[in-house]
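Spelled out from the first residue to the last, the chains are:
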Protein chains: 2
Amino acid sequence: MNFVAKALNLSISAAERLEERNILRKAIIKHPFFPDVIEAFRLDKKFGFYEDGTVVVKATDGVRVFRGFPKIRRALVLNPTLKKHFGDREIALEEKMNGYNVRVVKIGENLYGITRRGLICPYTTEKARESIESDFFEDYPDYMLCCEAVGLASPYVPNEVYGIEGLDFFLFDIRNSRTNESLSVREKEEIAESYGFRMARVYLTTHPDDFNGIKEVIDELNSNRREGVVFKDIEMKVDPLKYTTSSANTSDLHYAFRYFGEYARDFMLARIVREAFQSFEFHESCEEFNERCLRLGKAILEPMISSIRECSEGKTIYDESVLVFSSHEVLELFKQHLRLLGVDFKVEILDENGEIRVKFKRVMRSTNDRIRGILNGSTWR
Amino acid sequence: MNFVAKALNLSISAAERLEERNILRKAIIKHPFFPDVIEAFRLDKKFGFYEDGTVVVKATDGVRVFRGFPKIRRALVLNPTLKKHFGDREIALEEKMNGYNVRVVKIGENLYGITRRGLICPYTTEKARESIESDFFEDYPDYMLCCEAVGLASPYVPNEVYGIEGLDFFLFDIRNSRTNESLSVREKEEIAESYGFRMARVYLTTHPDDFNGIKEVIDELNSNRREGVVFKDIEMKVDPLKYTTSSANTSDLHYAFRYFGEYARDFMLARIVREAFQSFEFHESCEEFNERCLRLGKAILEPMISSIRECSEGKTIYDESVLVFSSHEVLELFKQHLRLLGVDFKVEILDENGEIRVKFKRVMRSTNDRIRGILNGSTWR
């Protein structure tokens with residue numbers, strides 16, 4: 001615990017208290033796949049000015065701090081929120097992609113993938129090592145690549161809209177891992193170009209009062225079933241803001257209601273509130289409004305009813321994805337990692353030739369139990 | 001506290017602990033309008049076998065206990081729930097009306113209206129005294145009339161579907177106030193007839209496996225925008241079960257989303273789950289299903305957007321109803337009662353000739369504040 005206390009400027013007893021309260025937790029499983037890490041801890045809650053997801057690593061070559069990715073606040077209406085937040089600054093409309101947040105970092109001799117909550121994930125690490133060159137880190141040793149991990153072969157947020165079979169990393173921020181300061185949008189673009197990183201696409205740079213230009217981008221993203229935009233001060237001196245499309249709101253609801261025992265309660269209201277404010281701000285026609293209502297109603301009822309139907313046919317409801325591992329070693333390590341996370345899952349090997357393709361099934365116990373209970377005639381409070 | 005302890009068979013210190021924990025609370029405001037009550041306490045949570053809403057009254061003529069109205073469990077699918085719950089018993093399908101639950105009781109020389117949570121409500125008491133004859137209580141001194149208070153002039157659940165301008169009481173159970181045992185459906189009907197009480201209508205008596213007959217009643221209630229049914233063992237030996245129509249589910253959602261800051265989170269999921277299981281069980285056509293989805297989407301978005309629009313026009317969102325009082329004395333007492341309940345409200349006198357008609361406006365602070373914040377450009381977590 002001493003190295004954590006020192007790195008975060010805490011007394012040892014304060015760090016110990018954080019550990020007792022389960023705020024400071026193990027961030028990694030010791031394993032030869034992680035040869036550079038001796039120990040690592042993560043903050044599971046914001047503490048002082050350290051974001052949750054902040055990781056402190058005792059590595060073979062010293063102690064490192066990787067700051068948690070900051071929460072991005074959300075605009076529910078474009079006007080006057082953008083103006084109020086960014087003033088007259090130039091802003092970039094960067095695509096908000098729908099995957100999971102990964103900080104790709106170099107520790108010792110190897111790359112590591114840190115997920116949002118500060119866990120070093122074996123699967124993400126393997127994929128990062130396969131697809132990202134480490135030469136960037138020779139030139140920028142104090143920085144981390146903040147990426148969205150996107151594609152079908154995702155254990156956390158599998159998504160087919162990008163047409164990516166595997167898992168690709170899309171860079172959106174380059175941040176100093178110790179201070180969390182971000183390079184400007186232009187600096188990031190230059191670096192991405194010279195080191196060959198894929199980037200989340202910038203659709204437009206404009207000013208906060210360009211409502212029509214901004215709405216056009218959102219409409220385009222919406223028709224392509226994309227998630228939304230992150231509005232960024234191109235200097236990155238002001239915090240970014242996010243905004244989601246109706247398509248993303250409904251697709252989130254679809255997911256939440258398929259597994260309504262697990263997710264509906266927490267997911268639901270926020271998405272619905274977004275739909276209402278967007279509909280209000282966009283001055284929809286009666287027809288567009290009816291379409292939105294039908295889309296919303298379907299996003300809620302269709303997945304629930306199909307879960308009910310599957311249970312009634314004796315099936316079990318899983319959240320499934322297909323993952324690809326290079327070795328059994330990493331597959332086993334990933335299973336350990338999920339157990340550490342408390343995930344209830346099954347893995348079926350689909351085929352092995354060189355690489356191992358597995359079907360990864362997350363058991364949705366609460367949804368299954370509730371549906372079965374009701375279908376068997378249980379009454380409800 | 002001594003009389004409460006004695007009446008509920010508790011030690012005095014146990015009763016005092018309940019009071020400290022705010023589980024045992026004041027049930028009445030001392031006032032000449034309540035001449036027969038010296039003191040009264042209510043249970044704000046279930047305790048032992050005493051339901052929440054149980055009231056203990058020290059009256060001028062002795063101590064009385066009025067048991068809380070029991071929670072009625074809900075069927076989400078008719079089959080096999082009814083069969084499992086009622087077996088082969090004969091069941092009555094009684095209309096579940098949409099108002100608020102009142103126990104009309106006689107204490108000393110006067111009638112009193114006790115609301116669900118165990119408060120003696122001045123407004124409800126006045127209306128009960130106006131519309132219910134007390135001769136029943138001469139013959140059945142140990143019983144209470146469990147009624148739904150229904151109509152437009154309702155401070156809690158104003159409702160226009162019944163075409164009732166004022167507030168009427170519909171009897172659904174006659175229960176022993178001390179034991180909470182209920183008379184059978186037939187006994188209740190006979191009593192209602194001889195003493196002239198309005199009753200919640202029984203649409204059908206049948207057996208639990210009469211799916212078609214039962215569904216017909218539900219369809220009829222649904223087309224008339226009624227709330228649903230309470231299934232009752234006609235002997236009242238088995239607890240009743242309730243079941244709501246799609247119309248009720250959507251109208252609840254409409255209400256909850258108009259005041260989404262106050263109600264949406266708690267109301268929402270349960271209603272949606274009911275819709276999903278009903279749609280599944282009723283084997284809807286594609287067209288019926290689309291209609292249900294549109295109805296659901298509209299029940300959610302329309303009221304929210306109209307609240308947003310009203311706020312954007314500088315209006316304040318209130319939940320309004322028109323109430324009628326016989327005297328300023330009771331009006332003032334009712335205002336005190338609402339303050340005791342922590343309700344934030346305004347009252348405007350509309351006219352007075354003989355009776356006093358007032359507009360009663362409940363302030364929905366959370367909804368107003370959230371909408372205004374967002375429209376002024378606040379960002380969101």
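Treat the numbers as computed from the prediction; the structure is a model and nothing was measured.

Chemist: Which residues make up the sheet that holds strand 11 (residues 202–206) of chain B, and what values do they have?
Modeler: Residue and element names in this part refer to chain B. The strand order across the open sheet formed by five strands is 5-13-12-6-11, and the pairing between neighbours is mixed. Pairing within the sheet leaves two strands with one partner each, and these edge strands are strand 5 (73–74) and strand 11. By the bridge criterion, four bridges tie strand 12 (residues 228–233) to strand 13 (residues 241–244) in an arrangement that is antiparallel. In the strand pairing of strand 13, Gly-228 is matched with Thr-244.

Chemist: Tell me what's going on with the nonpolar core, and back it up with residues and numbers.
Modeler: Grouped together as the largest cluster of nonpolar side chains are 65 residues, with contacts concentrated most on B:Val104, B:Tyr123, B:Leu145, B:Phe169, B:Phe197 and B:Phe325. Sort the elements by how many residues they give to this core and strand 9 (residues 143–150) of chain B lands first, with six residues. Counting contributing residues, this core receives three or more from each of domain 1 (2–66 + 98–195) and domain 4 (318–375) of chain B. Not counting the four nearest positions on each side in its chain, B:Leu145 is found in contact with B:Val102, B:Arg103, B:Val104, B:Ile132, B:Phe136, B:Phe137, B:Leu171, B:Asp173, B:Ile174 and B:Phe197. Judged by nonpolar contacts, the second largest core, of 64 residues, contains A:Phe34, A:Ile114, A:Ile132 and A:Leu171.

Chemist: Quick one: what's the story with the domain arrangement of chain A, residue by residue and with numbers?
Modeler: Accessible area lost upon the coming together of the parts serves often as the stated size of an interface. Along its sequence, chain A is organised into domain 1 (2–66 + 98–195), domain 2 (73–96 + 202–244), domain 3 (246–312) and domain 4 (318–375). Here the C-alpha centre of domain 4 of chain A lies 36 Å away from the C-alpha centre of domain 2 of chain A.

Chemist: Can you tell me about the relation of the copies chain B and chain A, naming the residues and giving the values?
Modeler: At an RMSD of 0.0 Å, chain B and chain A line up after a rotation of 180° and a shift of 0.0 Å along the axis. Here the symmetry operator amounts to a two-fold rotation axis. Same-surface contact between copies: 100% of interface residues of chain B are shared with the interface of chain A.

Chemist: Talk me through the pairing of strand 9 of chain B; I want residue IDs and the actual numbers.
Modeler: Residues and elements named next belong to chain B. Burial of strand 9 is extensive: seven of the eight residues sit out of reach of the surface. In this sheet, strand 9 lies alongside strand 7 (residues 100–107) in antiparallel orientation, the contact comprising five bridges. Bridge assignment links Arg-103 to a residue of strand 9, and that residue is Cys-146. Relative to strand 10 (residues 168–176), strand 9 runs antiparallel, the two being bridged by eight bridges. When the sheet's bridge partners are listed, Val-150 is paired in strand 10 with Asp-168.

Cut-offs used in this document
- Residues numbered from 1 in each chain as written.
- Chains lettered and ligands numbered in written order.
- Predicted model: local features only at pLDDT ≥ 70, side-chain atom pairs only at ≥ 80, totals over all residues.
- Heavy atoms only, no water.
- Pairing = 2+ DSSP bridges.
- Helix = DSSP H or I, 4+ residues; strand = E, 2+ residues; numbered from the N terminus.
- Core = buried A, V, L, I, M, F, W, Y, C linked by side-chain atoms within 4.5 Å.
- Buried < 20%, exposed > 50% of the residue type's maximum accessible area, 1.4 Å probe, protein only.
- Domains from an automatic or database assignment.
- Contact = heavy atoms within 4.5 Å.
- Least-squares fit on C-alpha atoms with pLDDT ≥ 70 in both.

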